[in-house]
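# Fold and geometry: a report
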Amino acid sequence: ARIDAMHALIDEKMGELARTIELRRQGRADEALKEVETDRGKVAMDGIRATVQDIVRDENALFDERQAEWQSVARVSAAISLGGAAVLLFLIALAAAIASREYRAQRTQEWVRNGQIGTSAAIAAEPRLDVQADEVLAYLARYLGARVGTLHAVDAGGRLERIASYGIDAADGQAPGGAGAGL
């Protein structure tokens, strides 16, 4: 609608200019001056300027509105991206913690299984109980990294009797007291 109104104003201004130029060419300068003094051309130009200003103002307002909408969408998009990244980092950390825990549990089970296998091998290697106890204790002490160790059994009288030792002299004596007593 405004474009049509502006076209009408432009046609009116161009018509006024054409009439003025034609009158001047015909040597009718006084009539050309009277045409200019009617202010029809100025009124048309003022209308054109006002229409253009209205169009520019409305387009700027529309641009500002769309830019504000775009910024709002950009903020939401950034928030979603940051939230997604945070969730992803959390899930990665959780997966790493679970994998680490599983790895440690698997290593612990493997260590215990290897200890059981080694103990079984030490038991199977020697049929005599007194030598078997020394072999088992020596294996366990090495496997556990212990510098000393003793293995006791409860005798018929309910007292603890040392049956094997590792890293200490076997003649150092027996453990005091009976079952449940401290060493």
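In what follows, the structure referred to is the one given above.
The rules we used
- Residues numbered from 1 in each chain as written.
- Predicted model: local features only at pLDDT ≥ 70, side-chain atom pairs only at ≥ 80, totals over all residues.
- Heavy atoms only, no water.
- Helix = DSSP H or I, 4+ residues; strand = E, 2+ residues; numbered from the N terminus.
- Rg over C-alpha atoms; globule rule 2.2 N^0.38 Å.
- Expected span 1.5 Å × (residues − 1).
- Buried < 20%, exposed > 50% of the residue type's maximum accessible area, 1.4 Å probe, protein only.
- Contact = heavy atoms within 4.5 Å.
- Pairing = 2+ DSSP bridges.
- Salt bridge = Lys/Arg side-chain N within 4 Å of Asp/Glu carboxyl O.

In terms of helices and strands, the protein carries 4 helices and 2 strands. Each helix (α) and strand (β) of the protein, taken in turn from the N terminus, gives the series α-α-α-α-β-β. Relative to a compact globule of 183 residues, whose C-alpha radius of gyration would be 16 Å, the protein shows 52 Å and is clearly more extended. Along the longest, intermediate and shortest principal axes, the C-alpha atoms of the protein span 150 × 30 × 25 Å.

Over its 24 residues, helix α1 (residues 2-25) extends 34 Å from the first C-alpha to the last, a length consistent with the 34 Å expected when each residue adds 1.5 Å. The set of residues buried in α1 consists of Met6, Leu9, Lys13, Glu16, Thr20 and Leu23. Summarising the contacts, the buried residues of α1 are in contact with α2 (29-37) and α3 (40-125). Positive backbone phi, at 80 degrees, marks glycine 27, one or two positions downstream of α1.

Let us look at the pairing of strand β1 (residues 149-154). As paired elements, β1 and strand β2 (residues 160-166) share 6 bridges and run antiparallel to each other. Across the sheet, residue histidine 152 finds its bridge partner in β2, namely arginine 162. Adjacent in sequence and paired antiparallel, β1 and β2 are bridged by 5 residues, among which glycine 158 carries a positive phi angle near 85 degrees.

Another aspect to go through is unusual backbone geometry. Positive phi values are uncommon outside glycine, yet aspartate 39 reaches one of about 65 degrees. Mapped onto the secondary structure, aspartate 39 falls in the loop between α2 and α3. Overall, aspartate 39 belongs to the partly exposed group, its relative accessible area being 39%.

On to the pattern of salt bridges, then. Applying the stated criterion across every chain, the model contains 10 salt bridges. In this structure, the salt-bridge partner of aspartate 54 is arginine 57, at a minimum N-O distance of 2.9 Å. In this pair, aspartate 54 and arginine 57 both sit in helix α3, 3 residues apart, roughly one turn of the helix. Connected through shared salt-bridge partners, Arg2, Asp54, Arg57 and Asp58 make up one network.

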